[in-house]
Amino acid sequence: MGEVAGIGKLMRSEAGKGLTLISPTFVYALLLLAAPLAMILLLSFWTQEFLTIVRDFQLGNYQEALSDPIYTALMLRSLRISATVTLVTVVLAFPVAYYISFHVRHERKSLWLFLITIPFWTSYLIRVFLWRVILAYDGPVNSGLLALGVIDEPLGWILYNANSVVITLAHAYAPFAILPIFVVLEKIDRSLLEAARDLGESRAMAFLRVTLPLAMPGVLAAVLIVFIPTVGDYVTPQLVGGSGGLMIANNIHAQIFAFNNRPMGATLAVLAMLIVAMTLLWGISRLRFWLWLADRMGGGMRGGAIALGAAVAEIAAIRVAFSAAPGLVGPEAAIIGLLLIVSAGSALILTRVPKGRWGI
Amino acid sequence: MSQKTPIVTLTGVQKYYGDYHALRGITANIGQGEFFSLLGPSGCGKTTLLRSIAGFEDISSGQLLLDGRDMEGVPPNKRPTNMVFQSYAIFPHMNVAENVGFGLRRSNMSSEEKRRAVGEALEMVGLGKYGARAAHALSGGQRQRVALARALIMKPKVLLLDEPLSALDKKMREVMQVELIRLQREVGITFILVTHDQEEALVMSDRIAVMFEGEIAQLDDPETLYRRPKSRRVAEFIGMMNFLPAQVLPTGPGGGRVALDVAGLGHAELEAAQCPNGATIGAAEIGVRPESLTILYEGQSAEGGREAEGTVREVVYYGDMTYYDVLLDGAPSPVRVSMRNMPGRKVLDFGARARLAWDPRSMVMFC
């Protein structure tokens, strides 16, 4: 009786009402997000023999994934392609977002945003196929350039390799990059730019000193939105990537469907997730550190140069470490160790160095 | 005031936004070291004029000289003006010192000199210890001071202020009014203030340009503007004014003086200066300020017997003052009378009979 009264009381309290309200969503999220993740994690510690899953906890999959150079190579290529896609997409998206926010009349902005989503009216698959047509050996790009006399023979490097994957993905993800950048640009008080001009800065310097730093949160959002899903994309590399453009997700797909090795696919998925998370953590923390360093060194050209030097030196050191360490301590230990060091360093920076003026 | 060497010269300045005629031929000289206000209701073009001086708007025709130099095609960053924006436009990604030092990047000061200049500018606006404070952690009044320091550190020839006090509460506004007057005396540069608050303009300015519909209706020092408004519209905009119908009599006393019969008050004689747009025999209107009418208590009588009687129609008690609306016998509408509350002065009741004393010297006449 007392227990029932207690539950009734809880249900009537503010907290109880809140919990009751969110519980359907919460259950839904649990079922659709947490449960599959837990399943995959569990699966990655098992093995498969023909059609049966052997439910014995073991680390063999991870050992294999970390020591076989094919997986490392695929993962690195995925990161490289995604990083390139992200760079290309964000660099191209920024001017578009800027134009819509600053130069399109207020009542036309929604129309522009709507037009940008038009490519989404067709299926993703069809869009990828169309790129295959466009970039083909005798496609419009090559025949156009041939007709113009720019090239003597069709370009071979634009299809069935990493380049075509970058082109196709950059096109597919452009709206996802444009929207968050547009939103932050819209929020910038225009009188701030007038103030910068009033205080003696040219248009270009007002952009660099005011617009760009204030737009950084949107740029960062665009980077995350493009980078995270493209690492795991497998349709585009499958269709336009040839063999040189295959990415880690293609291998995960192959493990599960072709090689009938679901535990290995799960292992690769878990590792890919961890590596993407660590890469982002590392990237954001280093960016924050370098920007902080640039400011600390007096800002301007000098601060920028010092920070750039530090960044280049650091990346070089990490490359050397990743290529030399496997020979010294073995591949698995080297990758795990280096990833741990990098993540711990990133976490330290994110907690110690305050968010700077760039909003990162 | 106007004899001072002009720092800003406006000659027939016009501005069109498409079909909209925002500035209709503004001509004015603003002197070196003057505190000049542009006063008017919203949409009168005062902000457009200020932004044209700053260089954010191109004027459609006319000429704008700053310090003797034609500003045609000169961008805002090349003009000897700095602006305090209505929203203050404090850079949210910089702290107070970085905001104040923003404009010093291009100067050839050493970083030590820059730091000192920022410190001095902050000291001047009373924010000496706030340099490291983040922009978002500032109150309205502090943001205002940062915006001032940021503009003044540039040592502009003209400081432009776009409704700088409108976002502050009443107490803070009064503090900042005094502060602005002090600062202007201290740095001695020309301030051009845009405001829709007539009290603010009267308190702070050396001269005020009252603007309606893109034109300057009257340009005068505060006292002249208040005592001798040139039109009924200006009179209504600056402070409170009572209007009573009057008849200009053909039998003038001569010497430029005008004789007239005022409804509810009686016979009055005005100087020519009190009739800004001249006098013609027939119907006219006189304006008289509430403080120029006095309620007479028992035993008191008016000098020269200029008394009028009426009924109290409204009593508004303000603590230090009481406002009465008195319907004078023979007048079509009530007049407002303001009386300082003093010991022995009873606050009259609604409906009571009241005697008023009036003085023709405090009147203006509009034909």
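The structure contained in this document is the topic of the report that follows. Throughout, residues of each chain are indexed from 1 in the direction in which the sequence is written. Chains carry letters from A onward and ligands carry numbers from 1 onward, assigned in written order. In view of the model being predicted, local features appear only for residues whose pLDDT reaches at least 70, and side-chain atom pairs are presented and counted only at 80 or more, with totals across whole chains, interfaces and linings using the full set of residues. Only heavy atoms go into the side-chain values, all of them from the structure, while hydrogens and water stay out.

Each helix corresponds to a stretch of at least 4 residues labelled H or I by DSSP, and each strand to a stretch of at least 2 residues labelled E; elements are numbered beginning at the N terminus. Counting its secondary structure elements, chain B contains eight helices and 20 strands. Burial statistics for chain B: of 367 residues in total, 48% are counted as buried. The contacts of chain B with a sequence gap of at least 6 include a subset with a gap of at least 24, amounting to 66%. Taken as a whole, chain B presents about 16700 Å² of accessible surface, with 49% of it coming from carbon and sulfur. As used throughout, the charge tally considers Lys and Arg to be positive and Asp and Glu to be negative, leaving His and the chain termini uncounted. Every charge is mapped onto a representative atom, which is NZ of Lys, CZ of Arg, CG of Asp or CD of Glu. Across chain B, the mean location of the 42 positive side-chain charges is 6 Å away from that of the 43 negative side-chain charges. The buried label applies to any residue whose accessible area, calculated with a 1.4 Å probe on protein chains only, is under 20% of its type's maximum; exposed applies above 50%, and partly exposed to all values in between. We call two residues in contact when some of their heavy atoms are within 4.5 Å. The protein chains shown are the only cover counted for residues, whose accessible areas, like all others here, come from Shrake-Rupley with a 1.4 Å probe.

With that settled, consider the overall build of chain A. Across its full length, chain A holds 15 helices and two strands. With the C-alpha coordinates aligned to their principal axes, the bounding extent of chain A is approximately 75 × 70 × 50 Å. Within the span of chain A, comprising 360 residues, buried residues form 37% of the whole. Summarising the internal contacts of chain A: among those between residues at least 6 apart in sequence, 68% fall at separations of at least 24. Split by element, the accessible area of chain A, about 20100 Å² in all, is 73% carbon and sulfur. Side chains of chain A carry 25 positive and 19 negative charges; the gap between the two charge centres is 9 Å.

All right, on to the layout of surface pockets then. Residues and elements named next belong to chain A. Note on definitions: the grid is 1 Å and covers protein atoms alone; a cavity is a set of points where a 1.4 Å probe fits but cannot get out; a pocket is an open set with protein on both sides within 12 Å along at least five of seven lines; lining residues have an atom within 4 Å of a point. Grid points are joined across faces, edges and corners, and a volume is the space filled by probe spheres set on the points. The calculated volume of the second largest pocket comes to roughly 1900 Å³. The wall of the second largest pocket is formed by 48 residues, among which Leu 79, Ala 83, Phe 227, Thr 279 and Trp 282 lie closest to the centre. Elements represented by at least two residues in the lining of the second largest pocket include exactly helix H3 (60-67), helix H4 (69-103), helix H10 (203-231), helix H13 (262-296), helix H14 (300-329) and helix H15 (331-352). Gly is placed with the polar residues, together with every amino acid not listed as nonpolar (Ala, Val, Leu, Ile, Met, Phe, Trp, Tyr, Cys and Pro) or charged (Asp, Glu, Lys and Arg). Split by residue class, the lining of the second largest pocket holds 38 nonpolar, six polar and four charged. The two domains that each donate at least three residues to the lining of the second largest pocket are domain 2 (68-255) and domain 3 (261-360). Domain limits in this description derive from either an automatic procedure or a database domain assignment.

The next subject is the sheet that holds strand E10 (residues 215-220) of chain B. Residue and element names in this part refer to chain B. In this scheme, strands are said to pair when DSSP sees at least two bridges between them. Spatial strand order, E6-E7-E8-E3-E9-E10: six strands in an open sheet with mixed pairing. In this open sheet, the two edge strands, each paired with only one partner strand, are strand E6 (81-84) and E10. When the angles between neighbouring strand axes are averaged without regard to direction, this sheet yields 20°. Of the pairings in the sheet, the one linking strand E3 (residues 35-39) to strand E8 (residues 190-195) comprises five bridges and is parallel in character. Bridge pairing in E8 links Leu 39 to Thr 195. Axis geometry follows a simple rule: fit a line to the C-alpha atoms, using only the stretch in contact for helices, then measure angles between N-to-C directions, giving values from 0 to 180 degrees.

Residues and elements named next belong to chain B. Of note in this structure, Asp 67 is not a glycine but carries a positive phi near 55°. Residue position: Asp 67 is located in the loop between strand E4 (61-66) and strand E5 (69-70). Here Tyr 88, not a glycine, exhibits a phi torsion of approximately 75°, which is positive. Mapped onto the elements of the fold, Tyr 88 is located in the loop between E6 and helix H2 (96-100). Judged by its relative accessible area of 4%, Tyr 88 falls in the buried class.

This part is about empty space enclosed by the protein. Residue and element names in this part refer to chain B. Enumeration according to the criterion identifies one cavity of 30 Å³ or more in this entry. Estimated volume of the largest cavity: approximately 30 Å³. In this structure, the largest cavity is lined by Leu 10, Ala 28, Ile 30, Phe 36, Leu 38, Leu 49, Ile 53, Ala 209 and Ile 216. Elements represented by at least two residues in the lining of the largest cavity include exactly strand E2 (20-31), E3 and helix H1 (46-54). Class assignment of the residues belonging to the lining of the largest cavity gives a composition of nine nonpolar, no polar and no charged.

Moving on, we get to the side chain of Glu 34 of chain B. Residues and elements named next belong to chain B. Within the fold, Glu 34 resides in the loop between E2 and E3. The exposure class assigned to Glu 34 is buried, which follows from its relative accessible area of 0%. Polar contacts involving the side chain of Glu 34 include one to the main-chain amide nitrogen of Gly 31, which spans 2.7 Å. Here a polar contact is recorded for every N or O atom pair within 3.5 Å, except that within protein the pair must consist of a potential hydrogen donor and a potential acceptor, and residues adjacent in sequence are included only if both atoms are side-chain atoms.

All names here are of chain A. Residues enter patches when they are more than 30% accessible in relative terms and free of salt bridges; like-charged ones are connected within 9 Å and nonpolar ones (Val, Leu, Ile, Met, Phe, Trp, Tyr) within 5 Å. The term salt bridge refers to a pairing of a side-chain nitrogen on Lys or Arg with a carboxyl oxygen on Asp or Glu at a separation within 4 Å. On the surface, Tyr 99, Leu 111, Trp 112, Phe 114, Leu 115, Ile 118, Phe 120, Trp 121, Phe 176 and Ile 225 cluster together into a nonpolar patch covering about 940 Å² of accessible area. Here the element with the most residues in the nonpolar patch is helix H5 (residues 109-116); it accounts for four residues. By the secondary structure assignment, Trp 112 is in helix H5. The exposure class of Trp 112 is partly exposed, given its relative accessible area of 33%.

With that out of the way, let us pick up the pairing of strand E13 (residues 266-270) of chain B. Residues and elements named next belong to chain B. Pairing between strand E12 (residues 258-262) and E13: five bridges, direction antiparallel. Bridged to Ala 259 within E13 is Glu 269. Count of turn residues in the E12/E13 antiparallel hairpin: three residues, of which Gly 264 carries a positive phi of about 85°.

Let's shift gears to the environment of Lys 170 of chain B. Residue and element names in this part refer to chain B. Relative to the helices and strands, Lys 170 is located in helix H5 (residues 170-187). A relative accessible area of 57% places Lys 170 in the exposed class. Measuring from C-alpha to C-alpha, the distance between Lys 170 and Asp 206 comes to 22 Å, with 36 residues separating the pair along the chain.

Attention shifts here to the interface of chain B and chain A. Opposite the 23 residues of chain B that make contact, chain A presents 18 residues. Reported buried area values correspond to the accessible surface (1.4 Å probe) lost by two parts on association, with both partners' losses combined. For chain B, the biggest contributors to the area lost against chain A are Asn 77, His 93 and Phe 102 of chain B; these three give 33% of the whole. Ionic pairing is found between Glu 201 of chain A and Arg 105 of chain B, a salt bridge with its closest N-O pair at 2.7 Å. Counting across the interface, chain B meets chain A through ten residue pairs in polar contact (both at pLDDT 80 or more). Sorting elements by how many residues they give to the side of chain B that touches chain A places E6 of chain B first, with three residues. A class-by-class count of the residues in the side of chain B that touches chain A yields twelve nonpolar, six polar and five charged.

Residues and elements named next belong to chain A. Following both chains from N to C, one finds H4 and H13 inclined at 45°, their axes separated by 11 Å at the closest point. Relative to H13, H4 is oriented oblique. For the pair H4 and H13, the sense of crossing is right-handed. For the pair H4 and H13, contact is made by Tyr 71, Met 75 and Leu 79 and by Met 264, Leu 268, Ala 272, Ile 275 and Thr 279, respectively. Residues that form the contact of H4 with H13 fall into these classes: seven nonpolar, one polar and no charged. Any angle from 65 to 115 degrees is called roughly perpendicular, while one under 35 is roughly parallel, one over 145 is roughly antiparallel, and all others are oblique. Here is the rule for handedness: rotate from the far helix to the near one, and if that takes an anticlockwise turn smaller than a right angle the crossing is left-handed, while a clockwise turn gives right-handed.

All names here are of chain B. When two rings of Phe, Tyr or Trp (its six-membered ring) have centres within 6.5 Å they constitute a pair, described as stacked for plane angles under 30 degrees, edge-to-face for angles over 60, and tilted for the intermediate range. Across all of its chains, the model carries 17 aromatic pairs over all chains by this definition. Both rings, one in Phe 212 and one in Phe 237, keep their centres 5.7 Å apart while their planes meet at 90°; by these two values the pair is edge-to-face. Taken together, the residues Phe 212 in strand E9 (residues 207-212) and Phe 237 in helix H8 (residues 232-237) connect sequence positions 25 residues apart. Taking the ring centre of Phe 212 as reference, the NZ or CZ of Arg 233 above it sits at 4.2 Å. Two thresholds decide whether a charge sits over a ring: the Lys NZ or Arg CZ must be within 6 Å of the ring centre and within 35 degrees of the ring normal. A cation over a ring is seen here: Arg 289 above Tyr 226, with NZ or CZ 3.9 Å from the ring centre.

With that out of the way, let us pick up the sheet that holds E13 of chain B. Residue and element names in this part refer to chain B. On the basis of which strands lie adjacent, the open sheet formed by five strands has the order E13-E12-E11-E14-E20 and antiparallel pairing. Lying at the two open borders of the sheet, with one neighbouring strand each, are E13 and strand E20 (363-366). Across the sheet, the axes of successive neighbouring strands diverge by a mean angle of 40°, strand direction being ignored.

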